[in-house]
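Understanding the architecture of this molecule
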Amino acid sequence: MKIGILTGGGDCPGLNAVISSVARRSWDHGHELIGFKYGWRGVIEDDSIPLTRDVVRGIMREGGTILRSSGDNPAHGGDRPERALATLKKHQVDALIVIGGEGTMKGALTMHRDHGLAVVGVPKTIDNDLPGTELTVGFDSALAIATEALDRLATTAESHDRVMVCEVMGRTAGWLAMYAGIAGGADVILLPEMDMSVEEASEIVTRRHGQGRDSSLIVVGEGYNLRSTTGLFDDVNVEHELDAYGFPRLGGISNHVAHAVEQLTGFETRVTILGHVQRGGPPTARDRALASRFGFLAADLVHEGNFGQLVAQVGRDVLPVPLEQTEGDARVIPEDVFEFVRSFMG
Ligand code: F6P
């Protein structure tokens, strides 16, 4: 068989580890690999490279993606599906392994369901919000970076009696904010899913300082919508601007939070927005391991002709689930977890 592979959407650590794992297993099965550049765009615009042993050697530990990435995909309409099919036909590609998040999987489903493409999906995103799987490649690495950042912010906050507000990525899902906040010892964790006001956050800070603490750490998920119960501050809804692919362009809510907290508590409050630092650099060992398990299974599914599947983490297992499961709303933190998060605050 000739197997195509692509990485779509926002990059993250661990993409190369998936490519490496898919390649090893597929070569063991006697198949040939072709890599499409810039995600689905490379399939639509016929931009590819042969994935040889020389190209793939040593990439397991590398961040980013040797195939590059973009957010375009066939679900965006026009003649994209037809052009994608023509490219795949030209290169005699029998099946495609698609590594991506929500948008990239929409493209995979469109091509599989409407155009009969033999496709297998591998989930990645630092947001960990793709429905159908409990874990995505890249999440653990981003979490490690965010946690280390909080460790560093804690010591400088202490030296200067400051409140530090640290904003992490994750779009509408608070997984990164929640686990980084808990692991990094944050005193307040503001999640997109929880309706916590800046007054409540400030009360926690004021109470701590009343109990003899001179510094505090606040973690904010970038999708947090600012609420003010006193009406002293404008509510800020972060979801109004959209990027080229229709996703909300987030980032900056921490500035509003810090302003409100400083006003309400009287303590000097500084902001750190981690941004794309969370997506860069080498993957953690856990992400390399997850990527390896996902890549291995994806290659086996293709070999067996079991298409239309997403390789997924379900409980302790890595197994195939129907690609349709990636449809629908982002996988966010359920309400019954809020009490757990609250127990770490203050
Ligand atoms: O989905 C991954 C992610 O890093 C989000 O957490 C973030 O909001 C977004 O992508 C940033 O996208 P871009 O790199 O296009 O600015």
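Residues numbered from 1 in each chain as written. Predicted model: local features only at pLDDT ≥ 70, side-chain atom pairs only at ≥ 80, totals over all residues. Heavy atoms only, no water.

**Remarks on the overall build of the chain**
Where we set the bar: Every helix listed is a DSSP run of H or I at least four residues long, and every strand listed is a run of E at least two residues long, numbered separately from the N terminus. Radius of gyration: C-alpha atoms only; globule rule: 2.2 Å multiplied by the number of residues to the exponent 0.38. Any residue under 20% of the maximum accessible area for its type is buried, any over 50% is exposed, and the rest in between are partly exposed; the area is computed with a 1.4 Å probe on protein chains only. Here, two residues are considered to be in contact whenever any of their heavy atoms come within 4.5 Å of each other.
Broken down by element type, the chain carries 11 helices and 11 strands. Expected size for 346 residues packed as a compact globule is a radius of gyration near 20 Å; at 22 Å, the chain falls within 12% of this value. C-alpha atoms of the chain, sized along the principal axes, occupy 70 × 40 × 30 Å. Among the 346 residues that make up the chain, the fraction classed as buried is 54%. Summarising the internal contacts of the chain: among those between residues at least 6 apart in sequence, 74% fall at separations of at least 24.

**Section: the packing of aromatic side chains**
By convention here, two paired aromatic rings are described through the distance between centres and the angle between planes. Heads up, the condition is: Two rings from Phe, Tyr or Trp (for Trp, the six-membered ring) form a pair when their centres are within 6.5 Å of each other. A pair whose planes differ by under 30 degrees is stacked, one over 60 is edge-to-face, and the rest are tilted. Note on criteria: charge over ring means Lys NZ or Arg CZ within 6 Å of the ring centre, with the direction from the centre no more than 35 degrees off the ring normal.
In the structure shown here, the tally under the stated rule is one aromatic pair. With a centroid separation of 5.1 Å and an interplanar angle of 80°, the aromatic rings of F340 and F344 are classed as edge-to-face. Residue class for F344 comes out partly exposed when judged on its relative accessible area of 36%. The ring of Y38 has R41 sitting right over it, with the charged end atom 5.0 Å from the ring centre.

**A few points about the environment of G64**
Structurally, G64 can be placed in the loop between α3 (53-56) and α4 (80-90). Take G64: its relative accessible area is 16%, and that puts it in the buried class. On a C-alpha basis, the gap between G64 and V165 in space is 27 Å, while along the polypeptide they are 101 residues apart. The residues touching G64, leaving out its near neighbours within four places in the chain, are D11, C12, L15 and N16.

**Observations regarding the packing of helix α1 (residues 15-28) against helix α10 (residues 285-304)**
To keep it simple, the criterion reads: As a rule, the C-alpha atoms of each element are fitted with a line to give its axis, helices using only the stretch in contact, and angles between N-to-C directions run from 0 to 180 degrees. Orientation categories follow fixed angle ranges, with anything under 35 degrees roughly parallel, anything over 145 roughly antiparallel, 65 to 115 roughly perpendicular, and all other angles oblique. Take the far helix as your reference; a near helix turned counterclockwise from it by less than a right angle gives a left-handed crossing, and one turned clockwise gives a right-handed crossing. Under this grouping Gly is polar, as are all residues other than the nonpolar Ala, Val, Leu, Ile, Met, Phe, Trp, Tyr, Cys and Pro and the charged Asp, Glu, Lys and Arg.
At a closest axis distance of 7 Å, the pairing of α1 and α10 adopts a crossing angle of 40°. Here α1 lies oblique to α10, going by the angle between them. In the crossing of α1 with α10, the sense of the turn from one axis to the other is right-handed. In this structure, α1 uses A17, V18, S21, V22, R25 and S26 to contact α10, whose residues at the interface are R288, A291, S292, G295, F296, A299 and D300. Each residue belonging to the contact of α1 with α10 can be placed in one class, and the counts come to six nonpolar, four polar and three charged.

**Remarks on a nonpolar patch on the surface**
The condition that has to hold: Surface patches are drawn from residues lacking salt bridges whose relative accessible area is over 30%; two like charges belong together within 9 Å, two nonpolar side chains (Val, Leu, Ile, Met, Phe, Trp, Tyr) within 5 Å. With residues, only the protein chains shown are counted as cover, and all accessible areas are computed by Shrake-Rupley using a 1.4 Å probe. Take a side-chain nitrogen of Lys or Arg and a carboxyl oxygen of Asp or Glu: if they are within 4 Å of each other, that pair is a salt bridge.
The grouping of Y179, F340 and F344 at the surface amounts to a nonpolar patch, some 270 Å² of accessible area in total. Residue position: Y179 is located in helix α7 (residues 175-183). We classify Y179 as partly exposed; its relative accessible area is 35%.

**Here we look at the sheet that holds strand β1 (residues 2-7)**
Selection criterion: Two strands make a pair as long as DSSP finds a minimum of two bridges between them.
Reading across the sheet, the seven strands line up as β3-β2-β1-β4-β5-β10-β11 and stay open at both edges, with mixed pairing between neighbours. Edge positions in the open sheet fall to β3 (48-50) and β11 (317-322), since each of these has one partner strand only. Adjacent strand axes in the sheet meet at a mean angle of 25° when their direction is disregarded. When strand β2 (residues 32-36) meets β3, the two strands line up antiparallel, connected through three bridges. Directly across from F36, in β3, lies its bridge partner S48. Running at roughly 175° to β1, α1 makes contact with β1, β2, β4 (95-100) and β5 (119-123) of the sheet.

**Thoughts on the site of the ligand**
Put simply, the rule is: Residues are classed as near a molecule or strand on a simple rule: at least one heavy atom within 4 Å of it. Distance and chemistry together define a polar contact, namely a pair of N or O atoms within 3.5 Å, with one atom able to donate a hydrogen and the other to accept it when in protein, and with adjacent residues in sequence counting only for side-chain atoms on both sides.
Around the ligand, the surrounding shell consists of I126, D127, M169, G170, R171, E222, H276 and R279. At 3.3 Å, a side-chain N or O of R171 approaches an oxygen atom of the ligand. Side-chain polar atom of H276 to an oxygen atom of the ligand: 2.8 Å apart, as the coordinates give it. If the ligand stood free it would expose 400 Å²; the protein chains cover 75% of that surface. Residue composition of the shell around the ligand, grouped by class: two nonpolar, two polar and four charged.

**Here's the deal with the domain arrangement of the chain**
This is how it is decided: Marked domain ranges trace back to an automatic or database domain assignment. Note on terms: buried area is the combined drop in 1.4 Å-probe accessible area of two parts once they are placed together, counting the loss on both.
With domains assigned, the chain is organised as domain 1 (2-138 + 283-326) and domain 2 (142-279). Taking only C-alpha atoms, the centre of domain 1 and the centre of domain 2 are 34 Å apart. Facing 15 residues of domain 1, the contacting portion of domain 2 comprises 12 residues. Summed over both sides, the interface of domain 1 with domain 2 buries roughly 1,100 Å², with 57% coming from carbon and sulfur. Linking domain 1 to domain 2 there are two salt bridges. Two residues, R171 and D127, come together in a salt bridge whose shortest N-O distance is 3.7 Å. Connecting domain 1 to domain 2 are three residue pairs in polar contact (both at pLDDT 80 or more).

**What to know about the side chain of E193**
Positionally, E193 belongs in the loop between β7 (188-190) and α8 (198-210). At 3.0 Å, the side chain of E193 and the backbone nitrogen of I333 are in polar contact. When sequence neighbours within four positions are dropped, the list of residues in contact with E193 reads T172, A173, G174, V332, I333 and F338.

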